[in-house]
Each structure stands twice: as structure tokens, then as C-alpha cells.
Amino acid sequence: MVNDWNSRIRPAGDRAMLITLDDPRPVQRLASALRVHAIAGVQDVLPAAETVLVTMHAVSYGTQVRRELVALLDRLDQEPPQPDSPDVSRGTPPEGGLDDDIVEIPVRYDGTDLPEVARLLDLSVPEVIAAHTGTVWRCAFVGFAPGFGYLTSPDGRLTVPRRAQARTAIPPGAVALAGGYSAVYPRGTPGGWQLIGRTDLRMWVVDRDPPALVRAGSAIRFVELTSEE
């Protein structure tokens, strides 16, 4: 089957194109490939859950960028995925590639929804905690609020649905699961994710450099804290 990639590339203003791929994994592959094999005229690459937004330096690059995007998509479609290729996130990483240093986030696993998450996964609470801390998560993209990173795991074994009814207020530092992602709420906000714990780390500090603790391509490991720590 030959994909009609042109139909998946739509203009987004006069200096951007939106590629719709309908699945997070090809989104991450495309965004990673665009970081490694830069296309002339491309200013930035902004992945989301099922799309990649490509912005350009000038309108004049439009035809060339579209042609090279189609060729790249076709090549990726014919190549097997590379298991060790890093995910990328919204925002341009520093020159030289992605930072593979693991960000450790200490967590007290006392979230209100932890028993329900265990029930949904047919696991015990300690097994959920072991799975969450035993995974190196990757930030697939950032959205919803500054510093809110959507973290993916290699196997997706902690995939649970959002709550049937969202909460009107979730405190900053809440650690949560929903739809195959994990995340830490950077500030108090409404939300419908399943709360499994909390951390004292500040995910977003305006006067910090960079402000976001979790950024493009970050690798994250959650570390369990005991009640005495």
C-alpha cells in the first residue's frame, strides 16, 4: 500500500505545515528524523500527540520543504523503527542533540486514584509503583500548561483511561497517568488524569534556565520516597 503523504500535509498559515499521522510512534520517528536530517528552510519542529508542525524561515521554502517531507515520510514508512531512537518534544533542543541525562523525580505514591489504577491494570498497588519507577520515561511533547510534559514508556503497560469526571483543582506536583502517558502537574489546574502520587520538585520556574525541568527529549525516572523522607 502506497501512502498519499501529500494529503497528510496541510498548510498552517503561510510559513508552516501540519503533518497528521494519527499515532504517536510515527510522530516521534518523523520529529527525530527531522532533528537529525535537517531540511533547508525549516525553522522548528513541534510534535504533538498525532501531528507534527513544521515551521519555515520564509514562504519561499514551501514547495521544497513539502517535497522533502514527502520523501522523508516515504523513506520512514519503508524502514523498520530503530528501537533506541530518542523521542523528541515540543521546543528546539540545544545544538548537538538531545540531552540523555536522566531527570530523577522523587515521588510519594499516595495518590487518591492509585487503588483504582491498580484495579484497572489488574495489579497490586506495589506492582503499579514498581512499574512506574522501573521505567525510563521519555517526554514525547509538552503542552496543556508550561512545563507539562507528556511522558511515554517503551511498553505502554501503565495505560489507563482518564477519569470519568475531571477534578476542578489538582495541586502542583501531582503525578498522574492517563491515555498511555504519565505527567507531573506543574501548577494547580483542573484535570482528569488519574493521580498516583506527588513530588515536591517544581516543574516550571520562570527565572530558572531553562524554566522547564522536563524539556525536549528528556529522559525521566521516578523514584519512590518513603513516608519518612
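Predicted model only: the values in this text are computed from it and were never measured.

### Some words on the overall build of the protein chain
Broken down by element type, the protein chain carries four helices and 13 strands. Here the protein chain holds 229 residues, and the buried ones make up 45% of them. Sequence separation of at least 24 residues holds for 63% of the intrachain contacts in the protein chain that already meet a minimum separation of 6. Of the accessible surface of the protein chain, which amounts to about 11900 Å², a share of 52% is contributed by carbon and sulfur atoms.

### Considering the packing of helix α3 (residues 114-121) against helix α4 (residues 125-133)
It is the contact of α3 with α4, at a shortest axis distance of 9 Å, that shows an interaxial angle of 90°. Our classification of the angle between α3 and α4 gives roughly perpendicular. Contact with α3, carried on its side by L114, P115, V117, A118 and L121, involves V125, V128 and I129 of α4 and no other residues of that element.

### Digging into the pattern of salt bridges
For the coordinates displayed, the defined rule picks out seven salt bridges. The shortest N-O distance in the salt bridge between R163 and D113 comes to 3.3 Å. Within this pair, whereas R163 is found in the loop between β7 (149-152) and β8 (167-170), its partner D113 is found in the loop between β5 (102-107) and α3, the two being separated by 50 residues in sequence. According to the relative accessible area criterion, R163 is partly exposed, its value standing at 28%. Residue classification places D113 among the buried residues on the basis of a relative accessible area of 5%. R167 is paired through a salt bridge with D113; the nearest N and O atoms lie 2.8 Å apart. In this pair, R167 is assigned in strand β8 and D113 in the loop between β5 and α3, connecting sequence segments 54 residues apart. With respect to burial, R167 and D113 carry one shared label: buried. Each member of the salt-bridge network shares a partner with another, and the members are D113, R163 and R167.

### Regarding the nonpolar core
Among the nonpolar cores identified, the biggest contains 25 residues, and I105, I220 and F222 are the most heavily contacted of them. Among the secondary structure elements, those contributing two or more residues to this core are β5, α3, α4, β6 (137-142), β9 (174-178) and β13 (219-224). Broken down by element, the residue count for this core peaks at four residues, all from α3. Once residues within four sequence positions are removed from consideration, F222 is found in contact with I105, V107, Y109, H132, T133, W137, L151, V175, S182 and V184. By size, the runner-up hydrophobic cluster in this structure holds 21 residues, among which are A33, V45, V52 and V65.

### Structural notes on the pairing of strand β4 (residues 51-56)
The buried fraction of β4 amounts to five of the six residues, a majority that puts the element mostly inside the structure. Sheet topology note: the strand β3 (residues 42-47)/β4 ladder contains five bridges and is antiparallel. Residue pairing in the sheet places P47 in a bridge with V52 of β4. Between β3 and β4, which follow one another and run antiparallel, lie three residues.

### Digging into the environment of A145
Topologically, A145 is positioned in the loop between β6 and β7. The spatial distance from the C-alpha of A145 to the C-alpha of Y185 is 8.4 Å, given a sequence separation of 40 residues.

Thresholds, definitions, all that
- Residues numbered from 1 in each chain as written.
- Predicted model: local features only at pLDDT ≥ 70, side-chain atom pairs only at ≥ 80, totals over all residues.
- Heavy atoms only, no water.
- Helix = DSSP H or I, 4+ residues; strand = E, 2+ residues; numbered from the N terminus.
- Buried < 20%, exposed > 50% of the residue type's maximum accessible area, 1.4 Å probe, protein only.
- Contact = heavy atoms within 4.5 Å.
- Areas by Shrake-Rupley, 256 points an atom, 1.4 Å probe, with all protein chains shown as cover.
- Axes fitted to C-alpha atoms, helices over the stretch in contact; angles between N-to-C directions.
- Parallel < 35°, antiparallel > 145°, perpendicular 65-115°, else oblique.
- Salt bridge = Lys/Arg side-chain N within 4 Å of Asp/Glu carboxyl O.
- Core = buried A, V, L, I, M, F, W, Y, C linked by side-chain atoms within 4.5 Å.
- Pairing = 2+ DSSP bridges.

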